[in-house]
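Notes for the structure review
One letter stands for each residue in the lines below.
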Amino acid sequence: MASQQQSAPKRSPLATKLRILNQIAFDRRNTRLFSQLFYRSTGSEPEEYAKWYFNNLVWQDTTWMGIETYKSPCDMWNYQEILFSLKPSLVIEFGTAFGGSAIYWASVMRQIGNPFKVLSVDIDHKLLRPQARRDLDVEFVEASSASPEVAERIRQLRSEYPGKVWAILDSDHSMDHVLAEMKLLRPLLSRGDYLVVEDSLLNGHPVAPEWGPGPYEAIEAYEKEFPDDYTHDSARENKFGWSFAPYGFLIRN
Ligand SMILES: C[S@@+](CC[C@H](N)C(=O)[O-])C[C@H]1O[C@@H](n2cnc3c(N)ncnc32)[C@H](O)[C@@H]1O
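Residues numbered from 1 in each chain as written. Predicted model: local features only at pLDDT ≥ 70, side-chain atom pairs only at ≥ 80, totals over all residues. Heavy atoms only, no water.

**Describing the site of the ligand**
Around the ligand sit 19 residues, and of these Tyr-70, Lys-71, Gly-95, Asp-122 and Asp-170 come closest. The separation between an oxygen atom of the ligand and a polar main-chain atom of Tyr-70 is 2.9 Å. Contact distances for the ligand include 2.7 Å between an oxygen atom and a side-chain N or O atom of Lys-71. Computed on the free molecule, the ligand has an accessible area of 600 Å², of which 84% lies beneath the protein chains in the complex. When the residues that make up the shell around the ligand are grouped by side-chain class, the tally is four nonpolar, nine polar and six charged. (Near = heavy atom within 4 Å. Polar contact = N/O pair within 3.5 Å; in protein donor to acceptor, adjacent residues only side chain to side chain. Areas by Shrake-Rupley, 256 points an atom, 1.4 Å probe, with all protein chains shown as cover. Nonpolar A, V, L, I, M, F, W, Y, C, P; charged D, E, K, R; others polar.)

The structure is reproduced here in structure tokens:
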């Protein structure tokens, strides 16, 4: 009868050396050293990845708790880190769509544990999923995000939920509309509040060069008019190498 014993897989001396090198590299203390010694960036990887992610429409097939969420996971992780350190009491989202991002804000905020409200505004809630609508921590408002009624509701919620605000613009991505949203928020945000202007990657920053003036140009136009309102959080913006919101991570002065 043939022996049942399995002999150890034979490795070439080179494979053994590589295995040992690998083990040394993944020792916590050596990872940084090995990365610095052996990794050379071409400088174009983040931009190539942004183009790959955007043009393959991966963002249209991304979900939070089963609900479509048109975002980049790197941004969402970044946002979660910012929310945890900012600990806002009011989250303002312009552009609800299916409700995935609204539920995401609520999930993270519940875990943080302080009293809060999420206000999510969309001009049309026909896409809004019933399971998102059921979240009692989110107030869904059907209106244009640049309308006075939205400004009034934010004013009320600020006094009901005193503290920091996290606001994110993700509705109509034309320059005029985003500029109107930024101006609407001007008297409503205070020092230390956080504003993210999403989809500033459109119009060639670096995707969709045919788009026309969009969120990126709105930020530029706003800053021309009100140069002292915001400080760019460049460290956060660049943390994961690429973002749907380049130039769009803003802290209110
Ligand atoms: C990119 S989607 C929002 C995606 C969502 N925040 C997410 O992460 O899944 C843009 C949404 O903005 C809405 N929208 C378009 N124009 C608007 C306006 N003037 N005011 C408010 N919402 C608007 C659209 O109806 C659409 O649902």
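**Remarks on the nonpolar core**
Counting residues in hydrophobic clusters, the biggest one holds 29 residues, and the most contacted among them are Phe-94, Ile-154, Met-182, Leu-185 and Leu-195. When residues of this core are traced back to their parent elements, those giving at least two are strand 3 (90-94), strand 4 (117-122), helix 7 (148-160), strand 6 (165-169), helix 8 (175-185), strand 7 (194-197) and helix 9 (215-225). The biggest single contributor to this core is helix 8, with five residues. Among all residues touching Leu-185, those that are not within four sequence positions of it are Ile-92, Phe-94, Ile-154, Ala-167, Leu-169 and Leu-195. Listed in part, the 28 residues of the second largest apolar core include Leu-83, Val-91, Ile-112 and Trp-166. (Core = buried A, V, L, I, M, F, W, Y, C linked by side-chain atoms within 4.5 Å. Buried < 20%, exposed > 50% of the residue type's maximum accessible area, 1.4 Å probe, protein only. Helix = DSSP H or I, 4+ residues; strand = E, 2+ residues; numbered from the N terminus. Contact = heavy atoms within 4.5 Å.)

**Considering the pairing of strand 4**
Residues in a regular strand point their side chains to alternate faces of the sheet. Most of strand 4 sits inside the fold, with six of its six residues counted as buried. On strand 4, burial covers both faces: Lys-117, Leu-119 and Val-121 on one face and Val-118, Ser-120 and Asp-122 on the other are all buried. Where strand 3 lies against strand 4, five bridges are found, and the strand directions are parallel. From the neighbouring strand, Phe-94 faces strand 4, where its bridge partner is Val-121. (Pairing = 2+ DSSP bridges.)

**Brief notes about the environment of Leu-250**
With respect to the element layout, Leu-250 can be found in strand 9 (residues 249-252). For Leu-250, a relative accessible area of 0% corresponds to the buried category. Separated by 31 residues in sequence, Leu-250 and Ile-219 place their C-alpha atoms 9.7 Å apart. Setting aside anything within four residues of it in sequence, one finds Leu-250 in contact with Met-182, Asp-193, Tyr-194, Leu-195, Val-197, Glu-223, Tyr-230, Thr-231 and His-232.

**Observations concerning the domain arrangement of the protein chain**
By a frequent convention, interface size equals the accessible area lost on bringing the separate parts together. For the protein chain, the domain assignment lists domain 1 (13-42) and domain 2 (45-252). A straight line from the C-alpha centre of domain 1 to that of domain 2 covers 39 Å. (Domains from an automatic or database assignment.)

**Remarks on the pattern of salt bridges**
Evaluation of the coordinates by the stated rule reveals 15 salt bridges. As a salt-bridge pair, Glu-81 and Lys-239 come within 2.6 Å of each other at their nearest N and O atoms. Within this pair, whereas Glu-81 is found in helix 4 (residues 73-86), its partner Lys-239 is found in the loop between helix 10 (234-238) and strand 9, the two being separated by 158 residues in sequence. Assessed through its relative accessible area of 44%, Lys-239 is described here as partly exposed. A salt bridge links Glu-225 to Lys-183; the shortest N-O distance between them is 3.0 Å. Here Lys-183 lies in helix 8 and Glu-225 lies in helix 9, a separation of 42 residues in the sequence. When salt bridges that share partners are traced, they join Glu-81, Arg-236 and Lys-239 into one network. (Salt bridge = Lys/Arg side-chain N within 4 Å of Asp/Glu carboxyl O.)

**With respect to the packing of helix 4 against helix 5 (residues 100-112)**
The N-to-C vectors of helix 4 and helix 5 enclose an angle of 40°; their axes lie 10 Å apart at closest approach. Of the two possible hands of crossing, helix 4 and helix 5 adopt the one that is right-handed. Contacts between helix 4 and helix 5 involve Met-76, Trp-77, Tyr-79, Gln-80, Leu-83 and Phe-84 on the former and, on the latter, Ser-101, Tyr-104, Trp-105, Val-108, Met-109 and Ile-112. Its residues assigned to classes, the contact of helix 4 with helix 5 shows 10 nonpolar, two polar and no charged. (Axes fitted to C-alpha atoms, helices over the stretch in contact; angles between N-to-C directions. Left-handed = near helix turned anticlockwise from the far one by under 90°.)

**Examining the confidence of the model for the protein chain**
Scored by pLDDT, the protein chain has a mean of 93; 94% of the residues are at 70 or more. The secondary structure element of the protein chain with the lowest average pLDDT is helix 2 (residues 28-38), at 74, and the one with the highest is strand 7, at 99. (pLDDT = per-residue confidence, 0-100.)

**Remarks on the packing of aromatic side chains**
Going through the model one piece at a time under the given rule, you end up with 20 aromatic pairs. Taking the centre distance of 5.6 Å and the plane angle of 25° together, the rings of Tyr-49 and Trp-52 count as stacked. Note that Tyr-49 and Trp-52 are positioned in helix 3 (residues 45-55) at a spacing of three residues, about one turn of the helix. According to the relative accessible area criterion, Trp-52 is partly exposed, its value standing at 45%. One aromatic cluster is present, formed by Tyr-49, Trp-52, Tyr-53, Phe-54, Trp-59, Tyr-70, Phe-98, Trp-242 and Phe-244 through successive ring pairs. In this structure, Lys-87 is placed above the aromatic ring of Phe-84, and the distance from its NZ or CZ to the ring centre is 3.6 Å. (Phe/Tyr/Trp six-rings, centres within 6.5 Å; stacked < 30°, edge-to-face > 60°. Lys NZ or Arg CZ within 6 Å of the ring centre and 35° of its normal.)

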